[in-house]
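What follows is each chain in one-letter form.
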Amino acid sequence: MSAGANPDPRHRVLVVEDERALAESVRYALEVEGFDVTVVATGREALERYRAVDPSLVLLDVMLPGSSGLDVCRRIRAESRVPIIMVTARDGEADTVAGLELGADDYVTKPFSMRELMARVRAQIRRSDRSGTMTGANEVLCASGVELDVDAHEVRVDGEVVRLRPKEFDLLESLMRRMNRLATRDLLIDEVWGPSYFGDTKTLDVHIKRLREKIESNPSRPTRIVTERGLGYKFVDV
Ligand code: CA
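Residues numbered from 1 in each chain as written. Predicted model: local features only at pLDDT ≥ 70, side-chain atom pairs only at ≥ 80, totals over all residues. Heavy atoms only, no water.

Undergrad: Which parts of the structure should I look at to understand the sheet that holds strand β4 (residues 84–88)?
TA: Through backbone hydrogen bonds, the strands of a sheet pair up, either in parallel or in antiparallel fashion. Spatially, five strands are ordered β2-β1-β3-β4-β5 in an open sheet, and the strand pairing comes out parallel. For this open sheet the edge positions go to β2 (36–40) and β5 (106–109), each flanked by a neighbour on one side alone. Going from strand to strand, the sheet's axes swing by 20 degrees on average, the running direction of each strand aside. The pairing of strand β3 (residues 57–61) with β4 spans four bridges and is parallel. Across the sheet, Leu59 pairs through a bridge with Ile85, a residue of β4. (Pairing = 2+ DSSP bridges. Helix = DSSP H or I, 4+ residues; strand = E, 2+ residues; numbered from the N terminus. Axes fitted to C-alpha atoms, helices over the stretch in contact; angles between N-to-C directions.)

Below you can see the structure in the form of structure tokens.
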């Protein structure tokens, strides 16, 4: 969202929920908070309305008729970094993990209180407002002595500029955007090399190795980019 054009835009929330009564109570609670709310009940409508409404946040039920909320999450994430809060069933732990791996920012489990939901919505909106206002200047991701300037394509480690190749930069950005969270191998390959990449998955390990040589003080005992054995990697903010 560009800064300055509209100093106080009303935030729009897209609610994807097929349980009508629940959708209406969520709509009411959000409207009381001052949000403009659009409700849809299917994954297909979700993508259509997402593009039309350009919401500040998406609240996304996982169990939808026809298509999975996870699929919707993946497709929205392929287009934007809009905050996504997944709504999962009480026994939906696998969905929750999958949703977070696909790039959802947070989740609530049914049944949830409106108070809890509103707190999470406000937290995500605040977070994205902060990074939004930074895009007027440059967006800079900072953690563990690493500063990654997204727009200037510059990385500093403990204050010193480090030269990265484009794929190394993209990989570091993907990892830092998921600070302290697992980035699975598939997700990283998808984000850095694209969903149609069918090459050797060793490519990822080679790039991680090169990245560690550039940003870790002891590359053989990494503290910033740690391996989650069998799963992927995690950028740790120490
Ligand atoms: Ca549902």
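Here the narrative resumes, following the displayed structure.
Undergrad: I keep staring at the pairing of strand β1 (residues 12–16) and nothing clicks. Help me out?
TA: Successive side chains on a regular strand alternate, one facing one side of the sheet and the next facing the other. Of all five residues in β1, four are buried, a share of seventy percent or more. Relative to β2, β1 runs parallel, the two being bridged by five bridges. Residue Val15 lies in a different strand from β2, and its bridge partner there is Val39. What joins β1 to β2 is helix α1 (residues 20–32), and the crossover it makes is right-handed. (Buried < 20%, exposed > 50% of the residue type's maximum accessible area, 1.4 Å probe, protein only. Right-handed = clockwise from strand over helix to strand, strands pointing away.)

Undergrad: Sorry, what's going on with the packing of helix α2 (residues 43–53) against helix α3 (residues 69–79) here?
TA: Relative placement of two packed helices is described by the angle separating their axes and the distance separating the axes. Close contact between α2 and α3 brings their axes to 10 Å; oriented N to C, the two are set at 20 degrees. By the criterion of interaxial angle, the relationship of α2 to α3 is roughly parallel. You can see that α2 and α3 cross each other, and the crossing is right-handed. Residues Gly43, Ala46, Leu47, Tyr50 and Arg51 of α2 pack against Val72, Arg75, Ile76 and Glu79 of α3. When its residues are assigned to classes, the contact of α2 with α3 shows five nonpolar, one polar and three charged. (Parallel < 35°, antiparallel > 145°, perpendicular 65-115°, else oblique. Left-handed = near helix turned anticlockwise from the far one by under 90°. Contact = heavy atoms within 4.5 Å. Nonpolar A, V, L, I, M, F, W, Y, C, P; charged D, E, K, R; others polar.)

Undergrad: Sorry, what's going on with the domain arrangement of the protein chain here?
TA: By a frequent convention, interface size equals the accessible area lost on bringing the separate parts together. Per the domain assignment, the segments making up the protein chain are domain 1 (12–130) and domain 2 (133–235). For domain 1 and domain 2, the distance between their C-alpha centroids amounts to 28 Å. The interface of domain 1 with domain 2 comprises seven residues on the first partner and eight residues on the second. When the two sides are added together, the surface that domain 1 and domain 2 hide from each other amounts to roughly 640 Å², 39% of it contributed by carbon and sulfur. Remark: the boundary between domain 1 and domain 2 carries one salt bridge. (Domains from an automatic or database assignment. Buried area = accessible area lost by both parts, 1.4 Å probe. Salt bridge = Lys/Arg side-chain N within 4 Å of Asp/Glu carboxyl O.)

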